[in-house]
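# Examination of the molecular architecture
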Number of protein chains: 4
Amino acid sequence: MSSPSASTMSFAVPPEDAALAERVLAFVREKVVPYENDPRWGAHGPSDELRIELNDLAREAGVFAPHAPKDCGGRALSHVGQAAVFTAAGYSMLGPIAIHCAAPDEGNISLLDKVTTPEQRERFLKPLATGAMRSCFCMTEPAPGAGSDPSQLKTTARREGNSWVIDGLKWLITGAHGAGFAIIMAKIQGGEGDGRATMFLADMSEPGIRIERTLDSLDCSFTGAHAVVRFDNLRLPADAVLGEVGEGYRYAQVRLAPARLTHCMRWLGSAIRAQEIASRYAATRTAFGKPLGEHEGVSFMLADNAMDIHAAQLAIWHTAWTLDQGHHAGTESSMAKVMCSEAVFRVADRSMQILGGLGTTRDTIVERIFRDVRSFRIYDGPSEVHRWAIGRRIVKAASK
Amino acid sequence: MSSPSASTMSFAVPPEDAALAERVLAFVREKVVPYENDPRWGAHGPSDELRIELNDLAREAGVFAPHAPKDCGGRALSHVGQAAVFTAAGYSMLGPIAIHCAAPDEGNISLLDKVTTPEQRERFLKPLATGAMRSCFCMTEPAPGAGSDPSQLKTTARREGNSWVIDGLKWLITGAHGAGFAIIMAKIQGGEGDGRATMFLADMSEPGIRIERTLDSLDCSFTGAHAVVRFDNLRLPADAVLGEVGEGYRYAQVRLAPARLTHCMRWLGSAIRAQEIASRYAATRTAFGKPLGEHEGVSFMLADNAMDIHAAQLAIWHTAWTLDQGHHAGTESSMAKVMCSEAVFRVADRSMQILGGLGTTRDTIVERIFRDVRSFRIYDGPSEVHRWAIGRRIVKAASK
Amino acid sequence: MSSPSASTMSFAVPPEDAALAERVLAFVREKVVPYENDPRWGAHGPSDELRIELNDLAREAGVFAPHAPKDCGGRALSHVGQAAVFTAAGYSMLGPIAIHCAAPDEGNISLLDKVTTPEQRERFLKPLATGAMRSCFCMTEPAPGAGSDPSQLKTTARREGNSWVIDGLKWLITGAHGAGFAIIMAKIQGGEGDGRATMFLADMSEPGIRIERTLDSLDCSFTGAHAVVRFDNLRLPADAVLGEVGEGYRYAQVRLAPARLTHCMRWLGSAIRAQEIASRYAATRTAFGKPLGEHEGVSFMLADNAMDIHAAQLAIWHTAWTLDQGHHAGTESSMAKVMCSEAVFRVADRSMQILGGLGTTRDTIVERIFRDVRSFRIYDGPSEVHRWAIGRRIVKAASK
Amino acid sequence: MSSPSASTMSFAVPPEDAALAERVLAFVREKVVPYENDPRWGAHGPSDELRIELNDLAREAGVFAPHAPKDCGGRALSHVGQAAVFTAAGYSMLGPIAIHCAAPDEGNISLLDKVTTPEQRERFLKPLATGAMRSCFCMTEPAPGAGSDPSQLKTTARREGNSWVIDGLKWLITGAHGAGFAIIMAKIQGGEGDGRATMFLADMSEPGIRIERTLDSLDCSFTGAHAVVRFDNLRLPADAVLGEVGEGYRYAQVRLAPARLTHCMRWLGSAIRAQEIASRYAATRTAFGKPLGEHEGVSFMLADNAMDIHAAQLAIWHTAWTLDQGHHAGTESSMAKVMCSEAVFRVADRSMQILGGLGTTRDTIVERIFRDVRSFRIYDGPSEVHRWAIGRRIVKAASK
């Protein structure tokens, strides 16, 4: 009941996208789920070897990277199409990795598709979109740098002749280990664009880039983990600028609104999975004379899960539809981010509670879903930052 | 921001319905809101005199009863159309009364449209749908009768020659005072359909019908209040049966799923109103050196209101769309009922909190909205009954 | 189970206070509760006639005003003693009125006991403490005056010869109708204490005091309702100053911390009552084949009520104990205020939900409890102001 | 502010216990906290080597096992004394391990102190209470055995001559790895006590005991992890029965009520720690122009933490006091368990949210606290089982 049926999906989703989503769901259930206990999925995420193996399966099944631009072999899915497909992929935490729609690559593909030069497209976007390499997005800094407030950016880029020289410290850089290249946010120091944030593209093999350490984190589903990355006299050629000098914040916005929505889509799939596991358990495990699911204390939790999943799905569809109409959808995507991240967390939390002791062990995937969705209430803008932005707009509109 | 803009409405609403909704909203803002302090709106609801005055204004404005069947002068709005129009009407608690889409008449019109004989259509539906008379729906009984559990029905109907004789006690009968007729749910005693629930149509002027008392209630928006109604040897002709003998529960279902959704629509309008009032207050009232709305403690509540309104609206649209596709939408309407009734209550509660002392007085309409939406978490199925039903279906599906 | 048993009460309460509380509870159950349907309790609170009748009954029963100072015939109860006695009184919303521990008189007695001159003690405190007259506390002002933020005080007092001349507008002045005197907060304009808040004592019969209107309010338990009061060239003698010039804010604090705690005590009593009514209903009303209380959807609400009542009671006891140790207990009383006001609201809300349709009517007292405790989340400092104050102290302490 | 000050602690705690708690807190802060990043604390809990090192430090500091019986070198702390001391120990998750009051040993010491024979006391209790060995408690079984419902016990014990033969499968057996002995719950099969639950004591070195696997779990603070343990033809001598045959459930109750309360105490200490870390971060990390803690969105969370900690502490003290009075305190300890486990989870969750990205990493202890307290909402009776028990008693009492 909680999973999107074909008929209700057509509320918003074109039939061809719904059909693709069905194929992705079948692929994930049959081919990907069996890998969930693969030892190559460790505390710091699935290994690249595992990722590549899953990518090959997805290619075989004809479901690899349907969101990629057409010149990169994809279908350039609409946002509504992504809603259908990425939710299906999210049924397993390895699903997005398999079809290559996981963060941060998916968001990077989307950004590069919009702002690269033809040369950058060939060198960075194409290998990324086809799965030949991974990438990372280097924006977040430890205190007192840019965390929730991007204006506190401390990493600098200064011009020296034909080069840019970048210095700074980034952390919580998802996927850094094994990434082929990085998108780096830095503040121009001196000269044109002085003081303005700018994005750069850099091979991770550059000698000025050093992964200082890998963070042990609550979540565990990202290939390449989260790392501390130092730029120490990193020298890049003049054409390493992504798009235009000084447009870093604007591009960050271009990237973030859709990227946070695709997070919602994938985690919605995991919430549907958790609910499915909890429902099945409630239907079979007995206590006090009847199946757990006949205790209202349990069935009400399942009902609340269903409503949370429903609201999250509707908010995603609506925002996706609004983006597809060409709107910026800033408020809609902020609302969807808060609503979904908090809803899927509640779903995971209740599912764990229903599973009882079993739920706290890795014997079901719910334990890992719980950990990962908890982090989602923080990354891509913590709930508080979005609430602040939504509230501010309301007050501003009411002040007129 | 919290109110549905034209562009987002088109996510689901046909342009002609969106346009009608805009006209209804303008009518309510300009013509109806000024009546909110009319002394004819008392603790037991607006008087019939006030209702009739408002109906005339609506007729003048061309917005009266657009949901009525076409042969009764209406447009027979689709469910999605109702979602747009009734939400607009709900902007004032007097709006639904003005355009004649308030409960219980709106649900009764819908039911009668589906199951009356041609004679009943002329005698009951037409005067009801055109606003010539009001009606009430007599189902709920005090303990130990039918409350949340309709199977506990105690009111009886037995056949005597060509007559039906009905005895029983009903309560919480909304709109009983001043109603022209009643739909009565009773259990057949003896003969054909023995033990089965059946609906009857009866003029309220029948000598066997007595309004025992008017209940003092938390809510205050229903014309004709809530009453205790006794049937004491009420004799009705054989053709007083609505539809077929023994089909009472089925008709109750036919009535309830859409009727609970139209409640959601109307109360969503009130939630939007409460948010508008709270937002304006937050933008102007100062405390501790700045407008209230610049305190996150307040602006976060406005943001949460916006998200609750958003989720409620999406759930309504989705269920309305599903009903329009011809589906029964039992689970969808249960979910929408719980989600909306709880969301609009939270919105009213937060709006009151933002308004502070002012919010607890009748100086704004929020105080009355708060009271009425509290009751909505109980009538048309308390949240617990819906959660139980939703949960049971999930467990049943998972047991297969 | 939810009501404080003798044994657990002794966790903190001295035996003589516990015994008095038992007598008060018995008095309220037997003598006061029957008055709950008295028509003299209207929308604007119980009438003075009803109050006086109840006071007489309390005197007869030997439970009148045990908190009053000893020279006024009371026992000068400790805070812990008040916790026991006022909670017992709160079992009926008329109980505090009967034993004369209702707001604002109880807080005014406490304040006057601490800061009056001997003359003021005779003229104002004694008649107040013995129930010969009522009083009101005039602090809150409509926008843009002093609401949550007392520093926005707009009412002024200026010296003219031997007189003080006061001008300003107050609202939400509880008990103004029928009060014998008022405590007025005003800001000194010119001269000694210029710009500083000061309290004054004034007979309500002064020609410069005018009750402009009575507010219709959600709550309904205060004798004398809530009014808008205007001071228009109100001339008071020099000795009308309560305590010292310029000490108004300090006295407000002296009054507020204990006064908000006694609100908690009284409303805790009402929460216990609501829980008792809901529990009894759940034990007897059936639905779906068994008593409501055997449905976990209901019994979990009763359990949550019990835990909310427990936490509220413990927080009250602890703060009362801390006050009795001679501490200011600012943070403790802020925490107790938020915890209790929100807990008793949840209890009332759940109790209403359990009662279903019945709960939304005045057929039980729960409907009125619900309305009054909602307001308590706002008066004596809205939750947000207390959270802000608590949070600020934590951050300040952590900054060291 | 959130941590228990000396003065407020004396609300209930005797000075000598308060003084000991202060010494424990100082010991934990100075000696234990530095071990939190010791690599011997892995995903399956701290190693025994680390535990022994910490025990030695505690002995040196004179704070080892003050709850142990006097003949085992302890002080036989009262429940109120435990509340003070164990909360202090919980400041670090390694604190309870250091002073040897961690689960399941602490509860096993308490149980054995009450029901062993003198021989069992020498052989099992003394080495356990002095830290010479650890123990485990084998009750929980995988589906369809005894989980929340102990009556579903599947492990059997049958008499063969002078021996007991035990067969069955247990899981989630905390501390099994490295334990010296086990307390085993089994159902007598045939003969005296047929069908009745009975407890047995067994060396973990018995050939009939096999640890099948270690569970990967969300929590990570228990020495010896959680394991699956199989009893396969486990033969024990006749005197291996703990206490009396057939009294297993009664002893489980004897053990559980205090044991769940000591969990509350320890985790309260961790909640205080989390709040301290979050407060300090909020006071220093800036965003949007000021310290995080000056944003109400953050400071309100700190205030809510303070109130949750306060309520949890009061509920613990009250239950401890009630136990010390010689009462069974079944309802009180159920309420305390639900209130504390849910409160400390919310505190950990909010603290993580305040810390943002940092909070999701192991760079602070909050990440591990979050994981462990989540599990506490499940073990020792999930919230739902306690709510059910509390609610049932309320309904039963109201039925009279």
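Thresholds applied
Residues numbered from 1 in each chain as written. Chains lettered and ligands numbered in written order. Predicted model: local features only at pLDDT ≥ 70, side-chain atom pairs only at ≥ 80, totals over all residues. Helix = DSSP H or I, 4+ residues; strand = E, 2+ residues; numbered from the N terminus. Rg over C-alpha atoms; globule rule 2.2 N^0.38 Å. Buried ≥ 20, exposed ≤ 12 C-beta atoms within 10 Å, placed from the backbone. Contact = placed C-beta atoms within 7 Å. Pairing = 2+ DSSP bridges. UniProt positions renumbered as here; feature names shortened; annotations may be inferred. Least-squares fit on C-alpha atoms with pLDDT ≥ 70 in both. Axes fitted to C-alpha atoms, helices over the stretch in contact; angles between N-to-C directions. Parallel < 35°, antiparallel > 145°, perpendicular 65-115°, else oblique. Nonpolar A, V, L, I, M, F, W, Y, C, P; charged D, E, K, R; others polar. Left-handed = near helix turned anticlockwise from the far one by under 90°. Domains from an automatic or database assignment. pLDDT = per-residue confidence, 0-100. Expected span 1.5 Å × (residues − 1).

So, on to the overall build of chain A. If you tally the helices and strands in chain A, you get 12 helices and 12 strands. Relative to the 2.2 N^0.38 estimate, which gives 21 Å for 400 residues, the radius of gyration of chain A is 21 Å and therefore close to what a compact globule would have. For chain A, the spread of C-alpha atoms along the three principal axes comes to 80 × 55 × 40 Å. Here chain A, with 400 residues, has 62% of them falling under the buried criterion. Long-range contacts, defined as pairs at least 24 residues apart, comprise 73% of the intrachain contacts of chain A with a sequence gap of at least 6.

On to the pairing of strand β3 (residues 135-138) of chain C, then. Residue and element names in this part refer to chain C. Residues of β3 alternate between two faces, with S135 and F137 on one and C136 and C138 on the opposite face, all of them buried. For β3 and strand β6 (residues 181-188), the ladder comprises 4 bridges, and the chain directions are parallel. In the sheet register, C138 faces β6, and the bridge partner there is I184.

This part covers the UniProt feature "domain: Acyl-CoA oxidase/dehydrogenase middle" (unreviewed entry) in chain A. The feature "domain: Acyl-CoA oxidase/dehydrogenase middle" (unreviewed entry), as annotated in UniProt, sits at residues 136-227 of chain A in this numbering. Along residues 136-227 of chain A the backbone is 0% helical and 47% strand, and the end-to-end C-alpha distance reaches 10 Å.

The next point concerns the relation of the copies chain A and chain B. Overlaying chain A on chain B yields an RMSD of 0.0 Å, the required transformation being a rotation through 180° with an accompanying axial translation of 0.0 Å. On this basis, the relationship between the two copies can be described by a two-fold rotation axis. Counting the interface residues of chain A, we find that 100% of their copies in chain B are interface residues as well, pointing to one common contact surface.

Moving on, we come to the relation of the copies chain B and chain D. Each of the two chain copies can be brought onto the other by rotation about an axis and movement along it. For the match of chain B to chain D, the screw axis carries a shift of 0.0 Å, the RMSD comes to 0.0 Å, and the turn is 180°. In this assembly, 100% of the residues forming the interface of chain B have copies in chain D that are likewise at the interface, indicating an isologous arrangement.

Quick look at the UniProt feature "domain: Acyl-CoA dehydrogenase/oxidase C-terminal" (unreviewed entry) in chain A now. The feature "domain: Acyl-CoA dehydrogenase/oxidase C-terminal" (unreviewed entry), as given by UniProt, occupies residues 246-394 of chain A in the numbering adopted here. Between the C-alpha atoms that bound residues 246-394 of chain A the distance is 29 Å, and the span itself is 77% helix and 3% strand.

Residue and element names in this part refer to chain A. In contact at an axis separation of 7 Å, helix α4 (residues 79-89) and helix α9 (residues 296-324) are set at 150° when each is read in the N-to-C sense. By the angle between their axes, α4 is roughly antiparallel relative to α9. Contact with α4, carried on its side by H79, V80, Q82 and A83, involves I316, W317, A320, W321, L323 and D324 of α9 and no other residues of that element. The residue makeup of the contact of α4 with α9, split by class, is 7 nonpolar, 2 polar and 1 charged.

A few words on the pairing of strand β9 (residues 226-237) of chain B. Residues and elements named next belong to chain B. Direction of pairing for strand β5 (residues 163-174) relative to β9: antiparallel, over a ladder of 9 bridges. Bridging from a neighbouring strand, T174 pairs with H226 of β9. Pairing between strand β8 (residues 209-214) and β9: 5 bridges, direction antiparallel. From the neighbouring strand, T214 faces β9, where its bridge partner is A227.

The next thing to look at is the interface of chain A and chain B. Every contact between the two is made by 39 residues of chain A and, on the other side, 39 residues of chain B. Elements with a contribution of two residues or more to the side of chain A that touches chain B: α8 (248-284), α9, α10 (330-355) and α12 (383-399) of chain A. Here the element with the most residues in the side of chain A that touches chain B is α9 of chain A; it accounts for 14 residues. When the residues that make up the side of chain A that touches chain B are grouped by side-chain class, the tally is 22 nonpolar, 11 polar and 6 charged.

Attention now goes to the environment of V24 of chain A. Residue and element names in this part refer to chain A. Inspection of the secondary structure assignment puts V24 in helix α2 (residues 15-32). Overall, V24 belongs to the buried group, with 29 C-beta atoms counted inside 10 Å. Sequence spacing of V24 and A89 is 65 residues, and the spatial spacing of their C-alpha atoms is 6.1 Å.

Residue and element names in this part refer to chain D. Running from N to C, helix α8 (residues 248-284) and helix α9 (residues 296-324) point in directions that differ by 155°, and their axes come no closer than 10 Å. One way to sum up the angle between α8 and α9 is to call them roughly antiparallel. Viewed along their axes, α8 and α9 form a crossing whose handedness is left-handed. For the pair α8 and α9, contact is made by P258, L261, C264, M265, L268, A271, I272, Q275, A278, S279 and A282 and by V298, L302, N305, I309, A312, Q313, I316, T319, A320 and L323, respectively.

For the rest of this paragraph, the subject is the domain arrangement of chain A. Where interface size is given, it is often the accessible area lost as the parts come together that is meant. Residues and elements named next belong to chain A. Looking at chain A, the domain boundaries give domain 1 (6-115), domain 2 (135-247) and domain 3 (249-399). Inter-centroid distance (C-alpha atoms) of domain 1 to domain 3 is 19 Å. If you look at the interface, domain 1 gives 24 residues, while domain 3 gives 25 residues. Elements supplying a minimum of two residues to the side of domain 1 that touches domain 3: α4, α5 (95-98) and α6 (105-115). Looking at the side of domain 1 that touches domain 3 residue by residue, the classes come out as 13 nonpolar, 8 polar and 3 charged.

In low-pLDDT regions, the fine details of the predicted coordinates are not to be read closely. Residue and element names in this part refer to chain A. The predicted model of chain A has a mean per-residue pLDDT of 95, with 97% of residues at 70 or higher. Confidence drops under a pLDDT of 50 for residues 1-10, and excluding neighbours within four residues, the segment shows 20 contacts in the predicted structure. Our summary of model confidence lists the complex with pTM equal to 0.97 and ipTM equal to 0.96.

Right, let's talk about unusual backbone geometry for a bit. Residue P144 of chain A is bonded to the preceding A143 of chain A through a cis peptide linkage, with omega at 5°. As for its placement among the helices and strands, P144 of chain A is situated in the loop between β3 (135-138) and β4 (156-160). One non-glycine residue, H100 of chain A, lies in positive phi territory at about 65°. Examined against the element boundaries, H100 of chain A turns out to sit in the loop between α5 and α6. Residues other than glycine seldom take positive phi values, yet A225 of chain D does so here, at roughly 55°.

For the rest of this paragraph, the subject is helix α6 (residues 105-115) of chain C. For α6 of chain C, the complete set of buried residues consists of D105, E106, G107, N108, I109, L111 and L112 of chain C. Summarising the contacts, the buried residues of α6 of chain C are in contact with α7 (118-129), β3, β6 and α8 (248-284) of chain C.

Residue and element names in this part refer to chain D. Of note, S110 is situated in helix α6 (residues 105-115). Measuring from C-alpha to C-alpha, the distance between S110 and I394 comes to 30 Å, with 284 residues separating the pair along the chain. Not counting the four nearest positions on each side in its chain, S110 is found in contact with R255, P258 and A259.

Turning our eyes to something else, we now look at helix α10 (residues 330-355) of chain C. Each full turn of the α-helix corresponds to 3.6 residues, which orients residues three or four apart in the same direction. Residue and element names in this part refer to chain C. With 26 residues, α10 should cover 38 Å at 1.5 Å per step; its first-to-last C-alpha distance of 37 Å lies within 8% of that length. Counting buried residues along α10, 23 of its 26 residues qualify, which places the element largely inside the surrounding structure. In the segment just after α10, G356 is the residue with positive phi, at about 60°.

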